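The lines below spell out each chain.
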Amino acid sequence: MKGRNLALLRFSAVFSVIGAVLGAHMAGAGSYAFRPIHAHILVVGWLTLFAWAVYYEVFTITSKKLASWHTWTAIIGTTGLTAGMWVHNLKPFDLPEAFSLVLYIGGGVTLLVSFILFLVSTFFIERR
């Protein structure tokens, strides 16, 4: 495993640890304020990035640029969406509302683009 596959796998692992730590924190604190962030980190960050890492390991995509764009929009979008969700919903810093919304919505839109690029990439699978 190398290149985009490894990048997706490593980011998936980072998100899995963050999600597990958030889950442990919520259980210990008895507060579920992080529930939507925890869920998105695990579903999008851990499971989806992991699935895409496996996808690129199993299939050969004929368009390397498409695969590269998909990988980076996935990583940037997942990071932006989950960080934006945290900053916007829990307001841990005294940031302007516009900044948190741009991070949240920008991350979400970037992630949506990533899902569309994934769909498109399925039409560029090398036949064996």
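Reading the values: the criteria
Residues numbered from 1 in each chain as written. Predicted model: local features only at pLDDT ≥ 70, side-chain atom pairs only at ≥ 80, totals over all residues. Heavy atoms only, no water. Salt bridge = Lys/Arg side-chain N within 4 Å of Asp/Glu carboxyl O. Helix = DSSP H or I, 4+ residues; strand = E, 2+ residues; numbered from the N terminus. Expected span 1.5 Å × (residues − 1). Axes fitted to C-alpha atoms, helices over the stretch in contact; angles between N-to-C directions. Parallel < 35°, antiparallel > 145°, perpendicular 65-115°, else oblique. Left-handed = near helix turned anticlockwise from the far one by under 90°. Contact = heavy atoms within 4.5 Å. Patch = residues over 30% accessible without salt bridge, like charges linked within 9 Å, V, L, I, M, F, W, Y side chains within 5 Å. Areas by Shrake-Rupley, 256 points an atom, 1.4 Å probe, with all protein chains shown as cover.

Explain the pattern of salt bridges to me, please; I cannot follow it from the model alone.
Oppositely charged side chains are able to pair whenever their charged atoms sit close together. Going through the model one piece at a time under the given rule, you end up with one salt bridge. For E97, the salt bridge identified is with K91, shortest N-O distance 3.9 Å.

Quick question: what am I supposed to make of helix 3 (residues 64-90) here?
Relative to the 39 Å expected for 27 residues at 1.5 Å per residue, helix 3 spans 39 Å between its end C-alpha atoms, a close match to the ideal helical length. Immediately beyond the C-terminal end of helix 3, within one or two residues, lies K91, with a positive phi of roughly 45 degrees.

Could you clarify how one ought to interpret the packing of helix 1 (residues 3-29) against helix 3 in this entry?
In a packed pair of helices, the relevant descriptors are the angle between the two axes and the axis-to-axis distance. Two elements in contact, helix 1 and helix 3, have axes separated by 10 Å at closest approach and are oriented at 15 degrees. What the angle tells us is that helix 1 and helix 3 run roughly parallel. The element helix 1 and its partner helix 3 pack so that their crossing is left-handed. Mapping the contact onto sequence places R4, A7, L8, F11 and F15 in helix 1 and K64, A67, S68, T71, A74, I75, T78, T79 and T82 in helix 3.

Would you mind showing me how to read a nonpolar patch on the surface here?
Where nonpolar side chains cluster on the molecular surface, the patch consists of V43, W46, L47, F50, V54, V58 and F59 and spans about 600 Å² of accessible area. Inspection of the secondary structure assignment puts V54 in helix 2 (residues 35-58).

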